[in-house]
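# Examination of the molecular architecture
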Amino acid sequence: YQHLLSGADIGLPTDLWVPATGKAPPSSVWQQSAGLDWRLNRYLDLSADIFSKSFSNLAAYSEGATFLDDWERNITVGSGTSYGAELLVNKRKGKWGGWLSYSLSRTTRQFPLVNQGEAYPFKYDRRHDLKLVIVQAIGKRAEWSAVWVYGSGLAISLPVDAFTVTFSGLPTGPVTVIDFGEKNRLRLPAYHRLDLGLS
């Protein structure tokens, strides 16, 4: 059993795999899902799914800790949730084929020593995810394809303020403290791309 601790305190993402211990027991997840499939006609299939996940014993760095610190003394253990719905339309036969899929979901995390104990969007929380794939034959020996992907921006934290704190009696002088505000309160721009292929 392992935990992945991720930090971005030095401007670069730093991931550290650590073993499960007494302070950070193995993670577990309960997942429920239900789905329906319909054959609309001889060309089109439709499927719809809903899901829900409940995570426990997740490990994360405490607020202010870095990967340079002793990891076991600087982590907090918490929980998470994920739920959503997925829809897929698939065209199987004919001169061209492909599919269109859409997902609407939400993923949160909650730790006692992060974001003042309040739940926050997980960094990989992607609210909307849309994919369109088209494949068409060109004669008997070739085909072209197009894949378009769109996704909501990932959740991030950026500094909102900085201030200086002076501790009396310390020879190091003033310390600059950066305030990130509420965890993952901002979103990166939406991500999208188009891939074209010929084979």
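Let me begin by describing the structure that accompanies this report. (Residues numbered from 1 in each chain as written. Predicted model: local features only at pLDDT ≥ 70, side-chain atom pairs only at ≥ 80, totals over all residues. Heavy atoms only, no water.)

## Side note on the overall build of the protein chain
- For the protein chain, the helix and strand inventory stands at 0 helices and 14 strands.
- Mapped from its N terminus to its C terminus, the protein chain presents α and β elements in the order β-β-β-β-β-β-β-β-β-β-β-β-β-β.
- Dimensions of the protein chain, computed from the C-alpha atoms along their principal axes, are close to 80 × 35 × 25 Å.
- For the protein chain, buried positions account for 24% of its 199 residues.
- Restricting to contacts in the protein chain with at least 6 residues of sequence separation, those with at least 24 account for 57%.
- If you sum the accessible surface of the protein chain, you get close to 13500 Å²; carbon and sulfur atoms cover 59% of it.
- The protein chain carries 21 positive and 18 negative side-chain charges, and their two centres are separated by 14 Å. (Helix = DSSP H or I, 4+ residues; strand = E, 2+ residues; numbered from the N terminus. Buried < 20%, exposed > 50% of the residue type's maximum accessible area, 1.4 Å probe, protein only. Contact = heavy atoms within 4.5 Å. Areas by Shrake-Rupley, 256 points an atom, 1.4 Å probe, with all protein chains shown as cover. Lys, Arg positive; Asp, Glu negative; His and termini not counted. Charge placed at Lys NZ, Arg CZ, Asp CG, Glu CD.)

## Section: the pairing of strand β9 (residues 142-151)
- With 10 bridges connecting them, strand β8 (residues 128-138) and β9 associate as antiparallel partners. Among the inter-strand pairings, Leu132 is bridged to a residue of β9, identified as Trp148.
- Alignment of β9 against strand β14 (residues 191-198), held across 8 bridges, turns out to be antiparallel. Within β14, the residue paired with Val147 across the bridge is Asp195. (Pairing = 2+ DSSP bridges.)

## Here we look at the side chain of Asn184
- Tracing the sequence through the fold places Asn184 in the loop between β12 (175-179) and β13 (186-187).
- By relative accessible area, Asn184 is classed as buried at 7%.
- Reaching out from Asn184, the side chain makes a polar contact with the backbone oxygen of Pro121 at a distance of 2.7 Å.
- Setting aside its immediate chain neighbours within four residues, Asn184 contacts Tyr120, Pro121, Phe122, Lys123, Ala155, Ile156 and Ser157. (Polar contact = N/O pair within 3.5 Å; in protein donor to acceptor, adjacent residues only side chain to side chain.)

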